[in-house]
Amino acid sequence: MPTMSMPALLASEERFRSLFGQAAVGIIQVQSGTGVIERANETFAQMLGYTVAEIEGKSFQHFTHPADIAAGGEQMRRMVEGNLASVRLEKRYLRKDGKPVWVDLTATPVSHRNGRPMQNVSVILDISERKHMEEALRTSEERLRGILDRLPIGIAKVRADGFNFSNERFSQICGYDTHELASLDKWWEAIVRDPQERELYLTRWNEACREAREGNGYIRAMECVITHKGGHSRSLEMAGVILGDDDDDYLITLVDVSQRKAVEERARYLAYYDPLTQLPNRRLLLDRLQQALAMSARHQSYGAVLMLDLDNFKSLNETQGHDMGDRLLGIVAQRLRSCVHADDTVARHGGDEFVVVLRSLGESEQAAAAGAEEVAQRILNVMREPFDLSNEHHHTTLSIGITLFHGQRESADELLKRGDLAMYRAKAEGRNALRFFDPEMQAVVEARVALESDMRAGIAQGQFEFAYQPQMLHGQIVGAEALLRWQHPLKGAISPAQFIPLAEESGLILRLGEWGVKSACERLASWANDPVMSELTLSVNVSARQFHQAGFVPQVLAALASTGADARLLRLELTESLLLEDIDDTVKKMAHLKSYGVGFSLDDFGTGYSSLSYLKRLPLDELKIDQGFVRDVLTDPNDAAIAKTIVALGTSLGLQVTAEGVETEAQRQFLERNHCYGWQGYLLSPPLPIREFEALVQSLAIAHGKTSAAV
Ligand code: C2E
Ligand code: MG
Ligand code: MG
């Protein structure tokens, strides 16, 4: 190494000094082993608030912030050992006034002995300002996070690869920590468990995101119901903001609206329901009634409004207190509900007044009145049961006013008024009763009720008997149809068209039918020993309700067994509608009876909806062409065609075909020309009392050269 001349050395030292002294950065020269500051410049001294003189000669530790004494210690040690060219670190000094000052320090060794640095020079930059800003940024970020966490709405930041931020509320609302869920898809799967529902929400959400991207970036709120991790449902409002150009970078916000929904629901309930009985209130009643009227207009069907009022409710309230009154109303409401179908309305009209709206009572006014009356009777009946009011049995009754509606002829208000009027009439006429608004309707219903009770008495007193109408085949009487006749003690003969439907509705048909089958078997048994009568078949009409009752087959078999009648001569006439009701049950019952020899006729054929496929399944013996087609067979080409078709159909199935209601010779000849050889009708004879029928058969037998045992 070339040694420098003295003047050159001095000049260099001078340059160094001025550089050292005037530098804009702090510079100190430190003794490597001891850490003593040998020289410090003015900038450094100012940085620390001391004078240069106060600094020089002291260890750098003296000025170092106690927390940073060890900072960079390891690196320094390595540099002092000659193993590191320089050290850079950030640390704090303590100023003379006690305030910390952050610095960026770079230390470089400047002289060596035996390869170990003797001194080093540190260049020091005041970075307090930067540190300050960093600190401020950090606290503001922390504060922001704190605020987000405490916000009452859930917030999450999402990217294609999943959540990269979510606040506490977000996890609370769904019950899932977003760290638990690998992706947004997993999140959806967790909170909406039904795949179809999820698909629906996703479609709506994606649509909202698309709109936001095309618009101002705000994803509009959508409502959804999710399942919380704990299993319960929550109603949410989910919205968001698109964050960048990246499609999958957005913010989701969740607001739990479950409580609001519950409040809304409750408000809705209170607006439309009576809190005491849980029944619809007058407001909802009017709404439902309106709907029922519209439906009635659409389907051309009848409905009814029943206005009900408790008898003597006021006195219960006054003597036993309102609690008891409330209790009674609650039980009445329950009992009312039990009397009607789920889609009928039972409402509390106010006080002790209730309204029932019955829909779909059918297309006939009579049947609708009967249906409404039946429900009203049922209601009167269930109210007769005692009411259990705190240890005591209370009895109450109702008065009911009924009015029918058909379409929207009358307004809902008008109907309620009519129901009210009828109800007051029921009260005026002794309570615990029902009255129709329409006096004619009232009369019809009363007549029906009277007829029904007469019928009961009539059965007991033997007022019913059969008339017999001969059935012809190839010009000979081969059998008879037994047709029910009712000789009413006051009203005279009543037509089966009038009493059979009533008997079916009231269930009396079961007793009438049982009587009929038994009496037909007795008749067959009584003919068995008469050579002229013994081969006649006897047809009995069987109604649907009778046939479908559980005990029908045993009943017929018992009648056959107890009378000894020949089962092969008994023929049961069934109608198409009966067969269709429960085809499997029908086939089973027919087959069972058939195995004993009992025959079957399909009555009124052509008026129903028979299809070939089931005709083939049934063990039938005979088809009867309905008299409606026979009547106009000569004048109406359609009826003629139908009659011919039935004959062809029956014949092809191997069945006997019998025409009903043959009144003229011309009709008979037409039928014969078309290969229908069986018939019954006024042309030969109307249904006759038994003696006259037997006399007719005998006289024809004589004409044909046969003799009867009786003659
Ligand atoms: P249905 O079984 O079709 O009976 C034939 C009806 O036609 C009978 O009316 C009969 O009197 C009538 N009739 C017979 N010949 C002629 C004719 O030439 N011209 C006209 N115009 N009518 C004729 P009815 O006796 O009034 O019986 C009516 C319906 O009542 C029967 O129709 C049957 O469905 C039912 N019915 C009668 N008796 C019973 C019964 O014991 N039980 C059941 N369930 N229903 C019965
Ligand atoms: Mg018949
Ligand atoms: Mg018939």
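Since the structure is predicted, the reported quantities are computational estimates derived from the model, not experimental observations.

### A closer look at the overall build of the chain
Step number 1: If you tally the helices and strands in the chain, you get 26 helices and 26 strands.
Step number 2: For the C-alpha atoms alone, the extent of the chain along its principal axes is close to 180 × 70 × 50 Å.
Step number 3: Looking at the chain residue by residue over its 711 residues, the buried ones come to 45%.
Step number 4: Residue pairs at least 24 apart in sequence account for 58% of intrachain contacts in the chain once pairs closer than 6 positions are excluded.
Step number 5: Within the structure as shown, the chain displays about 36600 Å² of accessible surface, and the carbon and sulfur contribution to it stands at 52%.

### Here's the deal with helix H26 (residues 690-703)
Step number 1: With 14 residues, H26 should reach 20 Å at 1.5 Å per residue; the first-to-last C-alpha distance of 20 Å fits that figure.
Step number 2: Looking at H26, one finds that the buried residues are Ile690, Phe693, Glu694, Leu696, Val697, Gln698 and Ala701.
Step number 3: At its buried positions, H26 is contacted by strand E18 (464-473), strand E19 (476-488) and helix H17 (508-527).
Step number 4: Directly beyond the C-terminal end of H26, a positive phi value near 90° is found at glycine 705.

### Some remarks on the sheet that holds strand E5 (residues 116-126)
Step number 1: Sheet architecture is open: five strands sit in the order E2-E1-E5-E4-E3, paired in antiparallel fashion. Two strands lie at the open edges of the sheet, namely strand E2 (37-40) and strand E3 (87-94), each paired on one side alone. Direction aside, the axes of adjacent strands within the sheet are offset by 30° on average.
Step number 2: Set on the sheet, helix H4 (residues 73-80) makes contact with E3, strand E4 (100-113) and E5; between it and E3 the angle comes to about 125°.
Step number 3: Helix H5 (residues 128-150) rests against E3, E4 and E5 of the sheet, and its axis sits at about 135° to E4.

### Looking at the coordination of the magnesium ion (ligand 2)
Step number 1: Here the magnesium ion (ligand 2) is held by the protein donor atoms Glu481 (OE), Asn541 (OD1), Glu573 (OE) and Asp603 (OD), which lie 2.0 to 2.3 Å from it.
Step number 2: In primary-sequence terms, the residues that donate to the magnesium ion (ligand 2) follow E-x59-N-x31-E-x29-D.
Step number 3: If you look at the magnesium ion (ligand 2) and the magnesium ion (ligand 3), they sit 4.1 Å from each other and are both ligated by aspartate 603. Taken together, the residues glutamate 481 in strand E19 and aspartate 603 in strand E23 (residues 599-605) connect sequence positions 122 residues apart.
Step number 4: Overall, glutamate 481 belongs to the buried group, its relative accessible area being 4%.

### Remarks on the coordination of the magnesium ion (ligand 3)
Step number 1: Here the magnesium ion (ligand 3) is held by Asp603 (OD), Asp604 (OD), Glu660 (OE) and Glu660 (OE), and the distances to it run 2.0 to 2.6 Å.
Step number 2: Summarised as a motif, the one-chain spacing of the donors to the magnesium ion (ligand 3) is D-D-x55-E.
Step number 3: Classification of aspartate 603 by relative accessible area gives buried; the value is 6%.
Step number 4: Of the residues examined, glutamate 660 reaches a relative accessible area of 7% and is grouped as buried.

### Focus on the pattern of salt bridges
Step number 1: Tallied over the full model, the rule gives 44 salt bridges.
Step number 2: In this structure, arginine 77 engages glutamate 81 in a salt bridge whose closest nitrogen and oxygen atoms are separated by 2.9 Å.
Step number 3: Owing to a relative accessible area of 33%, glutamate 81 belongs among the partly exposed residues under this scheme.
Step number 4: Between arginine 130 and glutamate 134 there is a salt bridge whose closest N-O contact spans 3.3 Å. Placement of the pair is arginine 130 and glutamate 134 together in helix H5, with a separation of four residues, close to one helical turn.
Step number 5: On the basis of relative accessible area, glutamate 134 is assigned to the partly exposed category, the value being 36%.
Step number 6: Several salt bridges converge on common partners, so that one network encompasses Glu223, Glu237, Arg260, Lys261 and Glu264.

### Let's talk about the site of ligand 1
Step number 1: If you check the shell around ligand 1, you find 21 residues, and the closest are Arg485, Asp603, Gln627, Glu663 and Tyr682.
Step number 2: One of the backbone nitrogen or oxygen atoms of leucine 484 is found 3.0 Å away from a nitrogen atom of ligand 1.
Step number 3: One nitrogen or oxygen atom from the side chain of glutamine 627 is found 2.6 Å from an oxygen atom belonging to ligand 1.
Step number 4: Burial of ligand 1 by the protein chains amounts to 80% of its free accessible area of 790 Å².
Step number 5: Elements with a contribution of two residues or more to the shell around ligand 1: E18, E19, helix H16 (496-506) and E23.
Step number 6: Considering every element that reaches the shell around ligand 1, the biggest residue donor is E19, with four residues.
Step number 7: Residues belonging to the shell around ligand 1 are distributed by class as follows: eight nonpolar, six polar and seven charged.

### Observations regarding the packing of helix H11 (residues 313-320) against helix H12 (residues 322-338)
Step number 1: Contact geometry of H11 with H12 gives a least axis separation of 6 Å together with a crossing angle of 140°. Our classification of the angle between H11 and H12 gives oblique. Counted together, Phe313, Leu316, Asn317 and Gln320 of H11 and His322, Met324, Gly325, Leu328 and Leu329 of H12 form the full contact between these two elements.
Step number 2: The residue makeup of the contact of H11 with H12, split by class, is five nonpolar, four polar and no charged.

### Concerning the pairing of strand E22 (residues 570-575)
Step number 1: The buried count for E22 comes to five of six residues, which makes it a mostly enclosed element.
Step number 2: When strand E21 (residues 537-541) meets E22, the two strands line up parallel, connected through four bridges. Note on E22: the bridge partner recorded for leucine 538 is leucine 570.
Step number 3: Inspection of the sheet shows E22 paired to E23 by five bridges, in the parallel sense. Within E23, the position partnered with glutamate 573 by the bridge is serine 601.

### What about the domain arrangement of the chain?
Step number 1: According to the domain assignment, the chain consists of domain 1 (15-127), domain 2 (151-262), domain 3 (277-437) and domain 4 (471-484 + 508-620 + 681-703).
Step number 2: Summarising the inter-unit geometry, the C-alpha centres of domain 1 and domain 4 are found 128 Å apart.

### Considerations on a nonpolar patch on the surface
Step number 1: A cluster of nonpolar side chains, namely Met6, Leu9 and Leu10, defines an oily patch on the protein surface of about 320 Å² accessible area.
Step number 2: For leucine 9, the location among the structural elements is in helix H1 (residues 6-22).
Step number 3: What makes leucine 9 partly exposed here is its relative accessible area of 42%.

### Quick look at the environment of proline 100
Step number 1: Note that proline 100 resides in strand E4.
Step number 2: A relative accessible area of 47% places proline 100 in the partly exposed class.
Step number 3: Considering only alpha carbons, one finds proline 100 and alanine 550, 450 residues apart in sequence, at a separation of 104 Å.

### Comments concerning the packing of aromatic side chains
Step number 1: For the structure shown, the criterion picks out 17 aromatic pairs.
Step number 2: Ring centres 5.3 Å apart and planes at 40° place the aromatic pair phenylalanine 466 and tryptophan 515 in the tilted group. Within this pair, whereas phenylalanine 466 is found in strand E18, its partner tryptophan 515 is found in helix H17, the two being separated by 49 residues in sequence.
Step number 3: Judged by its relative accessible area of 30%, tryptophan 515 falls in the partly exposed class.
Step number 4: Every member of this aromatic cluster is reached through a ring pair, and the members are Phe466, Tyr468, Trp515, Trp527 and Phe693.

### Notes on the sheet that holds strand E9 (residues 233-242)
Step number 1: Taken in spatial order, the five strands make up an open sheet running E7-E6-E10-E9-E8, and their pairing is antiparallel. Edge strands, defined here as strands with exactly one partner in the open sheet, are strand E7 (162-166) and strand E8 (218-227). Put simply, the sheet's adjacent strands are angled 30° from each other on average, direction ignored.
Step number 2: With five bridges connecting them, strand E6 (residues 154-159) and strand E10 (residues 250-256) associate as antiparallel partners. Counterpart to isoleucine 155 in the pairing with E10 is threonine 253.
Step number 3: Contacting E6, E7, E8, E9 and E10, helix H7 (residues 184-191) runs over the sheet at an angle of about 45° to E8.
Step number 4: Strand contacts of helix H9 (residues 258-272): E8, E9 and E10, with the helix running at about 125° to E9, the strand carrying the most contacts.

Criteria and thresholds
- Residues numbered from 1 in each chain as written.
- Chains lettered and ligands numbered in written order.
- Predicted model: local features only at pLDDT ≥ 70, side-chain atom pairs only at ≥ 80, totals over all residues.
- Heavy atoms only, no water.
- Helix = DSSP H or I, 4+ residues; strand = E, 2+ residues; numbered from the N terminus.
- Buried < 20%, exposed > 50% of the residue type's maximum accessible area, 1.4 Å probe, protein only.
- Contact = heavy atoms within 4.5 Å.
- Areas by Shrake-Rupley, 256 points an atom, 1.4 Å probe, with all protein chains shown as cover.
- Expected span 1.5 Å × (residues − 1).
- Pairing = 2+ DSSP bridges.
- Axes fitted to C-alpha atoms, helices over the stretch in contact; angles between N-to-C directions.
- Donors = N, O, S within 2.8 Å, 3.2 Å for Na, K, Ca; no water.
- Salt bridge = Lys/Arg side-chain N within 4 Å of Asp/Glu carboxyl O.
- Near = heavy atom within 4 Å.
- Polar contact = N/O pair within 3.5 Å; in protein donor to acceptor, adjacent residues only side chain to side chain.
- Nonpolar A, V, L, I, M, F, W, Y, C, P; charged D, E, K, R; others polar.
- Parallel < 35°, antiparallel > 145°, perpendicular 65-115°, else oblique.
- Domains from an automatic or database assignment.
- Patch = residues over 30% accessible without salt bridge, like charges linked within 9 Å, V, L, I, M, F, W, Y side chains within 5 Å.
- Phe/Tyr/Trp six-rings, centres within 6.5 Å; stacked < 30°, edge-to-face > 60°.

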